[in-house]
Amino acid sequence: MTAYLITACGVVFLSVIVSFVIPQGRLNGTITFVMRMICIAVLVLPLTKLFVADGSGEELADYDYVCEVYSRGQSRMLAEELQERFGADIECAVEIVYGEDGFYAQSVKVGITGNYDVLYPEIYAYLQESDYINITVYESSRMV
């Protein structure tokens with residue numbers, strides 16, 4: 001605060017000295033205007049810090065919650081797609097995480113009810129082609 005007060009007093013003092021030194025003519029109005037703008041800028045400077053982020057690095061989003069919601073949506077959509085494509089009762093769990101590169105699917109688990117031996121290789125190959133990683137396909141005991 002002391003440094004700010006010294007700077008403000010210095011600018012005001014400088015503007016007073018400049019107003020005595022400048023000649024009376026065309027430049028008088030321009031120089032006076034510039035000095036007034038400088039004084040106003042220095043006096044308003046503390047107010048500008050209210051509108052600037054402090055840069056503390058604090059996250060403004062709850063990435064765990066976003067990942068959870070995103071995982072549920074992706075799991076539901078993948079299950080619907082696989083049921084439509086392979087015609088079996090399928091449950092999916094896609095784990096979405098947030099890292100340096102943004103959101104990505106860390107793993108996928110697919111449970112198949114019935115025809116496991118026939119569908120397992122097809123579903124696994126389909127998920128590999130779709131660029132999923134850490135794929136687990138298992139036989140589910142859930143009956144519909």
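Residues numbered from 1 in each chain as written. Predicted model: local features only at pLDDT ≥ 70, side-chain atom pairs only at ≥ 80, totals over all residues. Heavy atoms only, no water.

Asks: Mind showing me how you'd approach the packing of aromatic side chains here?
Replies: For any pair of aromatic rings, the description rests on two quantities: the centre-to-centre distance and the angle between the ring planes. Evaluation of the coordinates by the stated rule reveals six aromatic pairs. For the pair Phe86 and Tyr126, a centre-to-centre distance of 5.9 Å together with 80 degrees between the ring planes defines the contact as edge-to-face. Taken together, the residues Phe86 in helix α3 (residues 63–86) and Tyr126 in helix α4 (residues 116–129) connect sequence positions 40 residues apart. For Phe86, a relative accessible area of 16% translates into the label buried. You can call Tyr126 buried: its relative accessible area is 13%. Members of the aromatic cluster, joined through ring pairs, are Tyr63, Tyr70, Tyr98 and Phe103. (Phe/Tyr/Trp six-rings, centres within 6.5 Å; stacked < 30°, edge-to-face > 60°. Helix = DSSP H or I, 4+ residues; strand = E, 2+ residues; numbered from the N terminus. Buried < 20%, exposed > 50% of the residue type's maximum accessible area, 1.4 Å probe, protein only.)

Asks: I tried to follow the packing of helix α1 (residues 2–21) against helix α2 (residues 26–48) on my own but got confused; where do I start?
Replies: Geometry of a packed helix pair, given as the angle between the helix axes and the separation of the axes. Two elements in contact, α1 and α2, have axes separated by 10 Å at closest approach and are oriented at 170 degrees. Considered as vectors, α1 and α2 are oriented roughly antiparallel to each other. Residues Tyr4, Thr7, Ala8, Val11, Val12, Leu14, Ser15 and Val18 of α1 form the contact with α2, whose participating residues are Ile31, Met35, Ile38, Cys39, Val42, Leu43 and Pro46. Among the residues making up the contact of α1 with α2, the classes are represented as 13 nonpolar, two polar and no charged. (Axes fitted to C-alpha atoms, helices over the stretch in contact; angles between N-to-C directions. Parallel < 35°, antiparallel > 145°, perpendicular 65-115°, else oblique. Contact = heavy atoms within 4.5 Å. Nonpolar A, V, L, I, M, F, W, Y, C, P; charged D, E, K, R; others polar.)

Asks: Explain the environment of Gly87 here, please?
Replies: Relative to the elements of secondary structure, Gly87 occurs in the loop between α3 and β1 (89–99). A C-alpha to C-alpha distance of 9.7 Å links Gly87 and Leu119, two positions 32 residues apart in sequence.

Interpretation note: all reported values are geometric properties and have no functional meaning in isolation.
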